[in-house]
Amino acid sequence: LHKEYRRQRQMCIRDSGYSDAIGSPTGNIALSQRRAQAVRSYLVSRGVPAHLIHASGRGQANPVGQCDQAAKAQRISCMAPNRRVEVEVVPRSAS
């Protein structure tokens, strides 16, 4: 990602954090924002200018998996892919 940024200076980075559906929507937004901020901090530490990174928390939006298991431990494990950060390199005008 850092190499891609260096090649294409007209780009910016969209950094979206997500959570699973366990917990309150408000708490999940805050958690997903912290995830996105952690990735943003890492990218800045690797030399990407902070003003080119747009970090946002999306909470439990856009799940990549649906889990209907009755047992809590199985449900938590199944939802692991929903706890993620997606990073996109996009043209500056699209951010």
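Residues numbered from 1 in each chain as written. Predicted model: local features only at pLDDT ≥ 70, side-chain atom pairs only at ≥ 80, totals over all residues. Heavy atoms only, no water.

### Digging into the confidence of the model for the chain
Inference 1: Of all residues in the chain, 88% have pLDDT values of 70 or greater, and the mean over the chain is 88.
Inference 2: Here helix H1 (residues 2-7) stands out as the least confident element of the chain, with mean pLDDT 61; helix H2 (residues 25-45) is the most confident, with 97. (pLDDT = per-residue confidence, 0-100. Helix = DSSP H or I, 4+ residues; strand = E, 2+ residues; numbered from the N terminus.)

### Comments concerning the environment of threonine 26
Inference 1: Within the secondary structure, threonine 26 sits in helix H2.
Inference 2: C-alpha separation for the pair threonine 26 and glutamine 60, spaced 34 residues apart in sequence, amounts to 9.9 Å.

### Description of unusual backbone geometry
Inference 1: Residues other than glycine seldom take positive phi values, yet asparagine 62 does so here, at roughly 50°.
Inference 2: Within the secondary structure layout, asparagine 62 lies in the loop between strand E2 (53-57) and helix H3 (72-78).

### With respect to the pairing of E2
Inference 1: Strand direction decides the pairing type here: strand E1 (residues 11-17) and E2, joined by 5 bridges, are parallel. Looking at E2, one finds that isoleucine 13 is bridged to isoleucine 53.
Inference 2: Taking the sense of rotation as the criterion, the β-α-β connection linking E1, H2 and E2 turns out right-handed. (Pairing = 2+ DSSP bridges. Right-handed = clockwise from strand over helix to strand, strands pointing away.)

### Comments concerning H2
Inference 1: Taking 1.5 Å of rise per residue, the 21 residues of H2 would be expected to cover 30 Å, and the 30 Å separating its terminal C-alpha atoms lies within 8% of that figure.
Inference 2: Three or more residues of H2 are buried, namely Asn28, Ser32, Ala36 and Leu43. The arc enclosing the buried residues of H2, seen along the axis, measures out at 65°, which places them on a common side. Summarising the geometry of H2, the exposed residues directed more than 90 degrees from the buried face are Thr26, Arg34 and Ser45.
Inference 3: Those residues of H2 that are buried are in contact with E1, E2 and strand E3 (85-91).
Inference 4: Where H2 terminates, the next one or two residues include glycine 47, which has phi positive at roughly 105°. (Expected span 1.5 Å × (residues − 1). Buried < 20%, exposed > 50% of the residue type's maximum accessible area, 1.4 Å probe, protein only. Arc of directions from axis to C-beta. Contact = heavy atoms within 4.5 Å.)

### Looking at the packing of aromatic side chains
Inference 1: Within this structure, the stated rule accounts for 0 aromatic pairs.
Inference 2: Above the plane of the ring of tyrosine 18 lies arginine 84, whose end atom (NZ or CZ) is 4.0 Å from the centre. (Phe/Tyr/Trp six-rings, centres within 6.5 Å; stacked < 30°, edge-to-face > 60°. Lys NZ or Arg CZ within 6 Å of the ring centre and 35° of its normal.)

### Some details on the pattern of salt bridges
Inference 1: According to the stated counting rule, one finds 3 salt bridges in the structure shown.
Inference 2: Residue arginine 83 is joined to aspartate 20 by a salt bridge in which the shortest nitrogen-to-oxygen separation is 2.6 Å. Taken together, the positions of arginine 83 in the loop between H3 and E3 and aspartate 20 in the loop between E1 and H2 put the pair 63 residues apart, joining distant regions of the chain.
Inference 3: Taking relative accessible area as the criterion, aspartate 20 reaches 8% and is therefore assigned buried.
Inference 4: Here arginine 84 and glutamate 86 are joined by a salt bridge, their closest N and O atoms 2.9 Å apart.
Inference 5: When its relative accessible area of 34% is taken as the criterion, glutamate 86 is described as partly exposed. (Salt bridge = Lys/Arg side-chain N within 4 Å of Asp/Glu carboxyl O.)

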